[in-house]
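Results of the structural survey
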Amino acid sequence: MISFFKSLPKHIKTAFLSIFRHLAMSLSASSAVTVTLILFAAFLLIAGNVGQFTDNIAEDLSIHVQLNKNYTKDKDITKMKKELEAISGVKKATFSDKDAELELYIKEMGEEFAMYRGKENPLFPAYYVSVKDADRIKAITDEISKKDFVKEAVYGGTSVSDMVKLLDKVRTGGMIFVVLLTALAIFLISNSIKMTIYARNNEISIMRNVGAANWYIKVPFMIEGMLIGLIGSIIPCLVAYFGYAYLYDMANGQIVTSMFALLPVYPFALKVCGVLILGGMGVGLVGSFFSTTKYLHWKR
C-alpha cells in the first residue's frame, strides 16, 4: 500500500502523457462519453422531475368521504376518524363540516351558490382521506364505502391513478435506459483503453519482463480512463446546468399547474452535474479496469 501511494504521482503523470501521446483516441473516447452523458443528463433531469410530479399527485390525491347526516356529534366524528385511519394504506383523515364543504363548493362553482349559506345548506359533512400508496386508492375507497356512516366515497377516478402509474413507468423506463447508457459508456471507454494498450504493447511487455506487477501496469491506464471520463463529463455538466436553468426560467418553475412544479435549479442541477462527473470517472475506471485485466490475463 505504501509503495502504491509513493508511485501514484508517477502514474498520474504517465496517464496525462498517454492522453496527449494518443490524443486522437483519447478525444474519440471522451467524445463518445460526452454524447452518452448528455443523454444520461437528459434522463436524469426528466426522471427527477417525473418523480417530483408523481409525489405531488400522490400527496394531493385524496378520497372525499361524504358522511350521513346522522353522524355529526363530536364523539361520532372522533370515532369515525379512528376507524378511517385504522384502514390499511390510509395516511390521514381530515374532517370538514358542511359549512366548510359549502365554502369549497362556492369557490369552485361560483358565488351564485352563496344563497345556501346557513340553515339552507344542503351539503353533508365529510372527511378527506389521504393515502400512502396511490396505487391502492380504489381498494381503499371501496373499503371506506362499506362503512355504515359513509353516504358516498369518491376519488379522482381511474384517470388520476392511471397517470400516477404512467409516471412511475416513465421513471422506471428512464432508469433502465440510464443503465443501458452506462453500459455503453463502459464499452466505449474500454475499447479506447484497449487500443491504447495495443499501441503500447512493447512498453507493457518490457515492464512485464523486468518484473512489474499487474497493479503497477494497470494503475496508469485506470487513471487515464478516469481522466477521459472526467473530460467527457465537462460539456454534459454545462449543458445540464445552464440548459435546465433556462427551461426552468422559461416555464416559471412549473408545467401548466403547481402540481407539475419543477425541481429548483439549485441544488437539483448541481446534484445532476455531480452525478455526471462521478459517473463519467466511474465508467472510465471500470472500463479501463476490465480492458487492462483482460489483456494482462491473456498475455500470461
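The model shown is predicted, which means the values in this text are computed figures rather than measured ones. Each chain has its residues counted from 1, running along the sequence as written. The model is predicted, so local features are restricted to residues of pLDDT at least 70 and side-chain atom pairs to those at 80 or more, both for listing and for counting; the totals for chains, interfaces and linings are taken over all residues. Processing note: side-chain calculations cover all non-hydrogen atoms of the structure and skip hydrogens and water entirely.

Turning our eyes to something else, we now look at helix H5 (residues 137-145). Each α-helix winds once per 3.6 residues, and so residues spaced three or four apart point in a common direction. When accessible area is computed with a 1.4 Å probe and restricted to protein chains, residues below 20% of their type maximum are described as buried, those above 50% as exposed, and intermediate ones as partly exposed. In DSSP terms, a helix is any run of H or I states spanning at least four residues, a strand is any run of E spanning at least two, and both are numbered starting from the N terminus. Those residues of H5 lying buried are Ile137, Ile140, Thr141 and Ile144. Along the axis of H5, the buried positions cluster into a sector of 100°, meaning they face one direction only. The directions considered for the arc are those from the helix axis to the C-beta atoms.

This part covers helix H4 (residues 98-109). By definition here, a helix of n residues has an expected span of 1.5 Å times n minus one. The first and last C-alpha atoms of H4 sit 16 Å apart over 12 residues, in line with the 16 Å expected at 1.5 Å per residue. Along H4, the residues that are buried comprise Glu101, Leu102 and Ile106. Down the axis of H4, the buried set is contained in an arc of 135°. They therefore lie on one face. In this structure, H4 carries Lys107 and Glu108 as exposed residues pointing more than 90 degrees from its buried face. For H4, the secondary structure elements touched by its buried residues are strand E1 (62-67), strand E2 (90-96) and strand E3 (126-131). Sitting at the head of H4, Asp97 places a side-chain oxygen 3.2 Å from the backbone nitrogen of Asp99. Phi for Gly110, located one or two positions after H4, is positive at around 125°. Only heavy atoms matter for contacts: two residues are in contact if any of them lie within 4.5 Å across the pair. Think of a polar contact as two N or O atoms within 3.5 Å of one another; within protein, one of them needs to be a possible hydrogen donor and the other a possible acceptor, and neighboring residues in sequence only count if both atoms come from side chains.

Next up on the list: the packing of aromatic side chains. Stacked, tilted and edge-to-face are the three classes applied to pairs of Phe, Tyr and Trp rings, where Trp contributes its six-membered ring and a pair requires centres within 6.5 Å; stacked means planes under 30 degrees apart, edge-to-face means over 60, and tilted covers the rest. Tallied over the full model, the rule gives four aromatic pairs. Residues Tyr244 and Tyr248 carry aromatic rings whose centres are separated by 6.3 Å and whose planes lie at 45° to one another, so their mutual orientation is tilted. Of the two residues, Tyr244 and Tyr248 are both situated in helix H8 (residues 214-250); the distance of four residues between them amounts to about one turn of the helix. Three or more aromatic residues joined by ring pairs form one cluster here, namely Tyr244, Tyr248 and Phe268.

Here the protein chain shows a mean pLDDT of 78. Residues at 70 or above account for 79%. Ranking the elements of the protein chain by mean pLDDT puts strand E6 (residues 257-261) last with 67 and H8 first with 87. The predictor attaches a confidence to each residue, and that confidence, scored 0 to 100, is pLDDT.

Another aspect to go through is the side chain of Lys218. Structurally, Lys218 can be placed in helix H8. Look at Lys218: it is buried, it has no salt bridge, and the nearest opposite charge is Glu224 at 15 Å. Ignoring anything within four residues of it in the chain, the contact list for Lys218 reads Phe289, Thr292, Thr293 and Leu296. Just so you know, the count uses Lys and Arg for positive and Asp and Glu for negative, and it drops His and the chain ends. Throughout this description, the term salt bridge denotes a Lys or Arg side-chain nitrogen within 4 Å of a carboxyl oxygen of Asp or Glu.

With that settled, the discussion passes to the sheet that holds E3. Strand pairing in a sheet relies on backbone hydrogen bonds, with the paired strands running either antiparallel or parallel. Across the sheet, four strands lie side by side as E2-E3-E1-E4; this open sheet has antiparallel pairing. Looking at the sheet topology across the chains shown, the edges are occupied by E2 and strand E4 (150-154). Averaged over all pairs of adjacent strands, the angle between their axes in this sheet comes to 20°, without regard to strand direction. As paired strands, E1 and E3 are joined by five bridges and run antiparallel to one another. If you follow Ile63 over to E3, its bridge partner there is Val129. Strand pairing requires that DSSP identify at least two bridges connecting the strands. The axes are straight lines fitted to the C-alpha atoms, using for helices just the contacting stretch, and the angles between their N-to-C directions are given from 0 to 180°.

So, on to the nonpolar core. What we call a nonpolar core is a set of buried Ala, Val, Leu, Ile, Met, Phe, Trp, Tyr and Cys residues that are connected through their side-chain atoms within 4.5 Å. Judged by nonpolar contacts, the single largest core of 21 residues is most densely connected at Phe40, Leu45, Ala240, Tyr244, Phe268, Val272 and Leu276. Top contributing element to this core by residue count: helix H2 (residues 23-60), with seven residues. Among residues more than four places away in sequence, those in contact with Phe40 are Val178, Leu181, Thr182, Val275 and Leu276. The next biggest cluster of nonpolar side chains, apart from the first, holds 20 residues, and it includes Val65, Leu84, Ala134 and Ala153.

The residue Asn121 is located in the loop between H4 and E3 in this model. Within the structure, Asn121 has its side chain in polar contact with the side chain of Asp99 (distance 3.4 Å). At a separation of 2.9 Å, a polar atom in the side chain of Asn121 contacts the main-chain amide nitrogen of Leu123. For Asn121, the contacting residues outside a window of four places in its chain are Lys98, Asp99, Leu102 and Tyr116.

Moving on: the state of the cysteines. The criterion for a disulfide is a pair of cysteine sulfur atoms lying within 2.5 Å. The final tally for this structure, using the stated rule, is zero disulfides. With no disulfide partner, Cys237 has as its closest neighbouring cysteine sulfur the one in Cys273, 4.3 Å distant.

Before going further, it helps to examine the pattern of salt bridges. Taken as a whole and judged by the stated rule, the model has four salt bridges. For the salt bridge of Glu85 with Lys81, the shortest nitrogen-to-oxygen distance reads 3.0 Å. Taken together, the positions of Glu85 and Lys81, both in helix H3 (residues 74-85) and four residues apart, correspond to about one turn of that helix. For Glu85, a relative accessible area of 32% gives the class partly exposed. For Lys81, a relative accessible area of 32% translates into the label partly exposed. Between Lys138 and Asp142 there is a salt bridge; the shortest N-O distance is 3.3 Å. Of this pair, Lys138 and Asp142 are both found in helix H5, four residues apart, which corresponds to roughly one turn of the helix. Looking at Lys138, the relative accessible area reads 46%, which means it is partly exposed.

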